[in-house]
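A closer look at the structure
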Amino acid sequence: MRDESEIKYAITQLTLDYKDLQDAIGGEPIEVAIANPETERKIKHEVLDIFYDADLLRQRSRRFLGRACWLLSHGRSFVSLAPVDAIEADARSHQEWIDRSKPLLAQTKSGNGDCFKLLRYGPAS
């Protein structure tokens, strides 16, 4: 439930973040707005908030999708499944979650492919 709650939180926050960014810009052309150091600082702060909440949404959505794919791979018996630590246990980082869940999700098939490929995860560049 925590991931689902954080998805809802991130979506709500992104809406507010974009409004805050527009307020920080103040209706000026962006070139004019960033020429003022105080306004530029506010804009940078709001952009960082957008990146934070977008990243939270991406991470939690990926976890939610991985969990859903794993559940659906079991057909009707999914209702009797117990949680699996590889996808449910808290991780210190999203990368740790990816590393821990990959073996399970890569061998789990749903539809035409494995559940890990469904996440469209690539190594950090």
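For the structure given in this document, a descriptive report is provided here. Within each chain, residues carry numbers counting from 1 in the order of the written sequence. A pLDDT threshold of at least 70 governs which residues receive local features in this predicted model, and a stricter bar of 80 or more applies before side-chain atom pairs are shown or counted, although totals over entire chains, interfaces and linings include all residues. Computation of side-chain values: all heavy atoms of the structure, hydrogens and water removed.

1. Looking at the state of the cysteines
Cysteine sulfurs are considered disulfide-paired once they come within 2.5 Å of each other. Applying the stated criterion across every chain, the model contains 1 disulfide. Paired by a disulfide, Cys69 and Cys115 hold their sulfur atoms 2.0 Å apart. The S-S bond linking Cys69 to Cys115 shows a torsion near -80 degrees; that makes this disulfide left-handed. With Cys69 in helix 3 (residues 37-72) and Cys115 in helix 6 (residues 115-118), this residue pair connects regions lying 46 residues apart in the sequence. By definition, any uninterrupted DSSP run of H or I lasting at least four residues is a helix, any uninterrupted run of E lasting at least two residues is a strand, and each is numbered from the N terminus.

2. Focus: the nonpolar core
In this description, a nonpolar core means a group of buried Ala, Val, Leu, Ile, Met, Phe, Trp, Tyr and Cys residues linked to one another through side-chain atoms lying within 4.5 Å. Note on exposure labels: buried denotes an accessible area under 20% of the residue type's maximum, exposed denotes more than 50%, and partly exposed covers the range between, all computed with a 1.4 Å probe on protein chains only. Of all hydrophobic cores here, the largest spans 11 residues; its members are Cys69, Trp70, Ala86, Ile87, Trp97, Ile98, Leu104, Leu105, Cys115, Phe116 and Leu119. At the level of elements, helix 3, helix 4 (85-88), helix 5 (94-107) and helix 6 are the ones that each hand at least two residues to this core. Looking at this core, the element that brings in the most residues is helix 5, giving 4 residues. Note on definitions: a residue-residue contact is assigned when non-hydrogen atoms from the two residues lie within 4.5 Å. Contact partners of Cys69, with chain neighbours within four places excluded, come to Ser110, Cys115 and Leu118.

3. Concerning the pattern of salt bridges
We define a salt bridge as a contact between a side-chain nitrogen of Lys or Arg and a carboxyl oxygen of Asp or Glu at a distance within 4 Å. In this structure the tally under the stated criterion is 9 salt bridges. Its salt-bridge partner being Arg60, residue Glu6 comes within 2.5 Å of it at the nearest N-O pair. With a gap of 54 residues between them, Glu6 in helix 1 (residues 2-25) and Arg60 in helix 3 connect regions that are remote in the sequence. On the accessibility criterion, Glu6 (22% relative accessible area) is partly exposed. Across the pair Arg92 and Glu96 runs a salt bridge, and its minimum N-O distance is 3.1 Å. In this structure Arg92 comes out as exposed when scored by relative accessible area, which is 79%. Look at the salt bridges and you will find they share partners, linking Glu4, Arg67 and Glu88 into a network.

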